Structure formats: C-alpha cells, structure tokens
Amino acid sequence: MILRIDGHPIEFVEGIGSIVDRYDGFLSDIWGVLHDGVRLYPGVRDCLEKLKKKQKKIILLSNSARLPSEIEKQLGHLGLSNDLYDHVLSSGELTQQVFLTGLDSRIIELGDKYFLLGPEEYRLVDGLDLQKTDDIFQAGFLLCIGVTGNPSTTVGAEPMLQEAAARNLTMVCANPDVHVVRDSVMGIGSGALASRYEALGGRVIYFGKPHRAIYHRCLQLLDMDINRVVAVGDSLKTDITGASAMGLDSILVASGIHADKLRNLPGDCSGLSSLLHKEQVFPTMTTNGFFW
C-alpha cells in the first residue's frame, strides 16, 4: 500500500517479512524498535530469527552512550542472544574511539577534565586519559551521555547549562536522541540537553545518528551494495534523517517515540501526515513494528 504524504510516496508494509527479499543488510535501531527499555516488543525475537535463517546481515545501531558489550548484556537479559545479530554499534563506542585515537581535531583543545551529564555506570570513559570533576569551574568540557531518571523537560539542568554556556564550554554529546521511551513513558534524552545548550549559545560536538560517521562504519562492516541495505528506526530526527542523508532506504516503525501519531496506520494517516509535514523528513516505508 502506497501512502502519499506531501507528494512523497511512502510504502506501508505489513511486516519485515514482506520486504525481506529486497535487502541483504538491516541496520536496526534498538531502543524504540526492539524494546522499550524494560521488555521486548511483540514479535521482535521471531523476526530476528527469521532474518538470520535467511542469512541476512543485521547491525544493531544505537544512539546510546553505553559500549556495545554493555548493550549486548542488556539485550541478553531481555531475551536476545548475540547469535541473532552480527554487530552492535553505539554512539558511545564512536565517542570513546575518537578520544582514544585523537583523530578528530574538534576535541584536541578540550582538555582532560570533564563535567558529566548522565549516569556514571555507562563506562564510556573506561581507558580514556580523562578526569571527571564535579566542579563546573574546573571543567574543560561537558560530557553529555544521558539523563538521570525520566524527566520530561530540561528545566532541572538549566542553571548548570547556563553557567557552562557563560564559560564557553564545549559539550560532547554521545547520544543525540532528543526523546526516549522508557517503559512506555516518554522522556527526554541527552540530545534534548544538547539542543537546549545550543539554544543558549553553547557549542556541541555530536556523535551518533544522524551524523555520517557511524553510518560509514556500518557500511564498512556490511561491505555490500548500499541499495541492498535498509535502515529501521523509530525516530525521524535521527534514524530516518541519517538514513536519508546516506542514500539508504528506511523504515519508520510505529512502536517508539512517534507511537501516538502512528498507532492507527494504515487506516488513519493523519498523524503520520502531520508529523512528516512538520519535520520534512520522509521514510521510504513505514510499518507498525519490527515483526515478521
């Protein structure tokens, strides 16, 4: 079924199985596509099993400040063993590698003292020659890796963000996601803090989707015709925007942050239409979830 939104043809697919023969590689977001932070969405494990039986390559691509080993542990606790996918790539891993190699000129002048925004247990700084400080006046930069709890706004961080902006500190954002669904409740992600910081005049260096570096790494791992690769995600701002910029086909799923607007597809397209019209980002396809 073809849905036409602002002149753009968007195919509604009943499930991943209906388009499986078109692609050899699948780049799938994790949070919002495979699970909601607490449990797997219905049909996810079955879908991954069937993709692997068809010898498809699957890269799980996450805007998470966690390292792949930590993400794999979480997926295992949720019931997904690592034989159901080929690789996990995260924005946290990319951030860590940039600091390890020093190949990104933007971080050279930041110094070695950081003020942390987000949970310490993400382990992104393991092995890095960096020192955490709780005194923003001693920090050389902000390291934004997440938010604590599930706040709905950036208000709680406002005094700190204003102080950092006044000091012209650069923020390194290891997860550009603006919104996150945690146990079916919408909250802000670290990308919201970064966006607010930019609005205050602060400088932000982003790692992860929709920025190109993480997609280049995926395509290196897949080593196949880009026309045989599809990106699956729940976020227009990160997943779909990033895929479009790389020339990849994309599937917008209705299980994550846009669920309130997409839950009645394909019968009612008004929510999808308003969302796409506002963002002016258009997926190749849309579907109700990552199931067969």
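Residues numbered from 1 in each chain as written. Predicted model: local features only at pLDDT ≥ 70, side-chain atom pairs only at ≥ 80, totals over all residues. Heavy atoms only, no water.

Visitor: Help me understand the overall build of the protein chain, please; the structure alone is not making it clear to me.
Guide: On a plain count of helices and strands, the protein chain comes out with 9 helices and 15 strands. Here the protein chain has a C-alpha radius of gyration of 19 Å; the compact-globule value for 292 residues is 19 Å, and the two agree. In the protein chain, which comprises 292 residues, the proportion classed as buried is 52%. Counted over contacts in the protein chain with a minimum sequence separation of 6, partners at least 24 positions apart contribute 73%. In the structure as shown, the protein chain presents an accessible area of about 12,800 Å², 48% of it carried by carbon and sulfur atoms. Charge separation in the protein chain, taken as the distance between the mean sites of 28 positive and 36 negative side-chain charges, equals 3 Å. (Helix = DSSP H or I, 4+ residues; strand = E, 2+ residues; numbered from the N terminus. Rg over C-alpha atoms; globule rule 2.2 N^0.38 Å. Buried < 20%, exposed > 50% of the residue type's maximum accessible area, 1.4 Å probe, protein only. Contact = heavy atoms within 4.5 Å. Areas by Shrake-Rupley, 256 points an atom, 1.4 Å probe, with all protein chains shown as cover. Lys, Arg positive; Asp, Glu negative; His and termini not counted. Charge placed at Lys NZ, Arg CZ, Asp CG, Glu CD.)

Visitor: In this structure, what is going on with the sheet that holds strand 14 (residues 249-253)? I would like to understand it.
Guide: Across a sheet, paired strands are connected by hydrogen bonds in the backbone, their directions being either parallel or antiparallel. An order of 1-2-15-14-13-3-4-5 is seen for the 8 strands of this open sheet, with the pairing classed as mixed. On the outer flanks of this sheet lie strand 1 (2-5) and strand 5 (87-90), each paired with one strand and no other. Across the sheet, the axes of successive neighbouring strands diverge by a mean angle of 25 degrees, strand direction being ignored. As paired strands, strand 4 (residues 57-62) and strand 5 are joined by 4 bridges and run parallel to one another. When the bridges of strand 5 are listed, S62 appears paired with S90. Across the sheet, helix 2 (residues 68-78) touches strand 4 and strand 5, and the angle it forms with strand 5 is around 120 degrees. Against the sheet, helix 6 (residues 212-222) touches strand 3 (25-28), strand 4, strand 5 and strand 13 (229-233), its axis set at about 165 degrees to strand 4. (Pairing = 2+ DSSP bridges. Axes fitted to C-alpha atoms, helices over the stretch in contact; angles between N-to-C directions.)

Visitor: Explain helix 7 (residues 236-246) here, please?
Guide: Residues spaced three or four apart along an α-helix face the same direction, because each turn holds 3.6 residues. Those residues of helix 7 lying buried are L236, T238, D239, I240, G242, A243 and M246. Buried-residue contacts for helix 7 involve helix 6, strand 13, strand 14 and helix 9 (270-279). In this structure S235 caps helix 7, since a side-chain oxygen of it lies 3.4 Å from the backbone nitrogen of K237. (Polar contact = N/O pair within 3.5 Å; in protein donor to acceptor, adjacent residues only side chain to side chain.)

Visitor: It is not clear to me how unusual backbone geometry should be interpreted in this structure. Could you clarify?
Guide: For residues besides glycine, phi is generally negative; the peptide bonds are generally trans as well. With an omega dihedral of 10 degrees, the bond running from K209 to P210 counts as a cis peptide bond. With respect to the secondary-structure elements, P210 resides in the loop between strand 12 (203-206) and helix 6. Even without glycine at this site, Q55 takes up a positive phi of about 60 degrees. The topology assignment puts Q55 in the loop between helix 1 (44-53) and strand 4. Residue Q280 is not a glycine yet carries a positive backbone phi of 55 degrees. Mapped onto the secondary structure, Q280 falls in the loop between helix 9 and strand 15 (285-287).

Visitor: Even after reading the chapter, I still don't get the sheet that holds strand 6 (residues 113-117), so can you show me in this structure?
Guide: Ordered in space as 7-6-8-9-12, the 5 strands form an open sheet in which the pairing is parallel. Looking along the sheet, the strands with just one partner apiece sit at the ends: strand 7 (131-132) and strand 12. Relative to strand 9 (residues 170-173), strand 8 (residues 141-144) runs parallel, the two sharing 4 bridges. Bridge pairing in strand 9 links C144 to C173.

Visitor: I tried to follow the packing of aromatic side chains on my own but got confused; where do I start?
Guide: In this description, a pair of aromatic rings is defined by centroid distance and the angle of the planes. Counted under the stated rule, the structure contains 3 aromatic pairs. Both rings, one in Y23 and one in F26, keep their centres 6.2 Å apart while their planes meet at 75 degrees; by these two values the pair is edge-to-face. The exposure classification of Y23 matches that of F26, with both residues buried. Between Y114 and F141 the ring centres are 6.2 Å apart and the planes differ by 40 degrees, which places this aromatic pair in the tilted class. (Phe/Tyr/Trp six-rings, centres within 6.5 Å; stacked < 30°, edge-to-face > 60°.)

Visitor: How should I be thinking about the pairing of strand 13 in this particular structure?
Guide: Put simply, side chains in a regular strand alternate between the two faces of the sheet. Of all 5 residues in strand 13, 5 are buried; the element is thus mostly enclosed. Burial along strand 13 is two-sided: the residues V229, A231 and G233 and V230 and V232 are all buried. Relative to strand 13, strand 3 is paired through 4 bridges, and the arrangement is parallel. In the strand pairing of strand 13, L27 is matched with A231. Relative to strand 14, strand 13 runs parallel, the two sharing 4 bridges. Within strand 14, the residue paired with A231 across the bridge is S250. Note on the crossover from strand 13 through helix 7 to strand 14: the handedness is right-handed. (Right-handed = clockwise from strand over helix to strand, strands pointing away.)

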